2 protein chains.
Amino acid sequence: MEIEETIALLKSRGYRITPQRVAILRILKDNTNHPGVEDVFRSVIKIYPNISMATVYNVMEVLEREGIIKEIAVSNVSRRYDPDVNPHGHFICRVCEKVFDVSFSNMRSLGKYSPRELDEFVIESLELIYRGVCKDCKDKT
Amino acid sequence: MEIEETIALLKSRGYRITPQRVAILRILKDNTNHPGVEDVFRSVIKIYPNISMATVYNVMEVLEREGIIKEIAVSNVSRRYDPDVNPHGHFICRVCEKVFDVSFSNMRSLGKYSPRELDEFVIESLELIYRGVCKDCKDKT
DNA sequence: CTGTCTGCAAACCATTTGCAATCGT
DNA sequence: ACGATTGCAAATGGTTTGCAGACAG
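If you're wondering where the values come from, they're calculated on a predicted model, not measured in any experiment.

Caption draft 1: How the structure looks around the protein's contact with DNA strand D. Close to DNA strand D lie 20 residues, the nearest being A:Tyr57, B:Arg16, B:Thr18, B:Arg21 and B:Asn58. Sugar and phosphate atoms represent 77% of those atoms of DNA strand D found within 4 Å of the protein. B:Asn50 has a polar backbone atom sitting 3.1 Å from a phosphate oxygen of DNA strand D. Contact distances for DNA strand D include 3.1 Å between a phosphate oxygen and a side-chain N or O atom of B:Thr55. Going through the elements one at a time, helix H4 (53-65) of chain A together with helix H2 (19-28) and helix H4 (53-65) of chain B are the ones with two or more residues in the surface near DNA strand D. Considering every element that reaches the surface near DNA strand D, the biggest residue donor is H4(B), with 3 residues. In terms of residue class, the surface near DNA strand D is made up of 8 nonpolar, 7 polar and 5 charged.

Caption draft 2: Region of the structure containing the packing of aromatic side chains. Taken as a whole and assessed by the stated rule, the structure comprises 6 aromatic pairs over all chains. Considering the side-chain rings of A:Phe121 and B:Phe91, the 4.8 Å spacing of their centres and the 80° angle between planes classify their relative orientation as edge-to-face. Of this pair, A:Phe121 sits in the loop between strand E4 (99-103) and strand E5 (122-133) while B:Phe91 sits in strand E3 (residues 88-93), placing the two residues on different chains. Taking relative accessible area as the criterion, B:Phe91 reaches 0% and is therefore assigned buried. Both rings, one in A:Phe121 and one in B:Phe100, keep their centres 5.1 Å apart while their planes meet at 80°; by these two values the pair is edge-to-face. Residue A:Phe121 is found in the loop between E4 and E5, and its partner B:Phe100 is found in strand E4 (residues 99-103); the two belong to separate chains.

Caption draft 3: Spotlight on the protein's contact with DNA strand C. Taken together, 20 residues lie near DNA strand C, and A:Arg16, A:Thr18, A:Arg21, A:Asn58 and B:Tyr57 sit nearest. Atoms of DNA strand C within 4 Å of the protein: sugar and phosphate make up 74%, bases the balance. Here a phosphate oxygen of DNA strand C and a side-chain polar atom of A:Thr18 are 2.9 Å apart. Contacts to DNA strand C include B:Ile17, whose backbone N or O atom sits 3.0 Å from a phosphate oxygen.

Caption draft 4: Structural view of H2(B). All names here are of chain B. Of all the 10 residues making up H2, 7 are buried; the element is thus mostly covered by neighbouring parts of the structure. Looking only at H2, the buried set comprises Arg 21, Val 22, Ala 23, Ile 24, Leu 25, Ile 27 and Leu 28. Remark: Asp 30 follows H2 within two positions and exhibits a positive phi of approximately 60°.

Thresholds, definitions, all that
- Residues numbered from 1 in each chain as written.
- Chains lettered and ligands numbered in written order.
- Predicted model: local features only at pLDDT ≥ 70, side-chain atom pairs only at ≥ 80, totals over all residues.
- Heavy atoms only, no water.
- Near = heavy atom within 4 Å.
- Polar contact = N/O pair within 3.5 Å; in protein donor to acceptor, adjacent residues only side chain to side chain.
- Helix = DSSP H or I, 4+ residues; strand = E, 2+ residues; numbered from the N terminus.
- Nonpolar A, V, L, I, M, F, W, Y, C, P; charged D, E, K, R; others polar.
- Phe/Tyr/Trp six-rings, centres within 6.5 Å; stacked < 30°, edge-to-face > 60°.
- Buried < 20%, exposed > 50% of the residue type's maximum accessible area, 1.4 Å probe, protein only.

The following block contains the structure:
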């Protein structure tokens, strides 16, 4: 999606188009480095030397909420542990925050879990995460 | 793996078998709740009222390092963002911490990404994470 | 104008660190 | 006895919050 389109989308949803937001959009556009908040901050501060981290957090949150960017679970510092170390997936319910196991064998073949692109990489572990709403929480609505 | 076996394994690798470690092992054994450090702490403090969070962190780290438990990326509070919101996977290099994109189409069919187990669940997003060592870092060794 | 957004500073809070006392081997 | 481990307290650092002033619409 073009920057202009994204801006129009945000505007149509009632967001104000501030220069800081535009700057961050430009920084993110076609960025393949999976930047963190700090990375974005370091880029945008060159253009707006007074911008604060709080604003970057705020903008990232808006963009994520509107589906313009996606948070990825890179963090090593996660908070949950699984005593089952066999490869399997997880479903995380956005409402109750419960974590459900999803066995690989029940998935329509994840194959040998080694995509061509990673041919020369050493794959040490694989994690598959579904997010959404679990049956119980869905039924309660 | 039985508790006794796990203890033997740890011992054989030079770790000391403290009652705190045994208690945490018991708590984790067959635990399907994907507990966080806080959860483990709340359980173990009933047995050892003086145990500290630092010890729980320490024990969890040991167990993870020895492959007895696995950290999972549940955290909503992640640190990296992707401007590409189309479903695709990521490879995270443990050495340089770079994040590489892995396209779904290049993977040997992840299928419609809806396992039978989740039939009644609302799947809103899917994340696939490979961890290991990337080509560049491997070559530098 | 009006209400949203920014930027600053302080608060938060999960995790980490330093260290003396304790305990497993 | 020796060195690893614990538990306490303090430090850390990323993220969040509160709020007054700035600014987009």
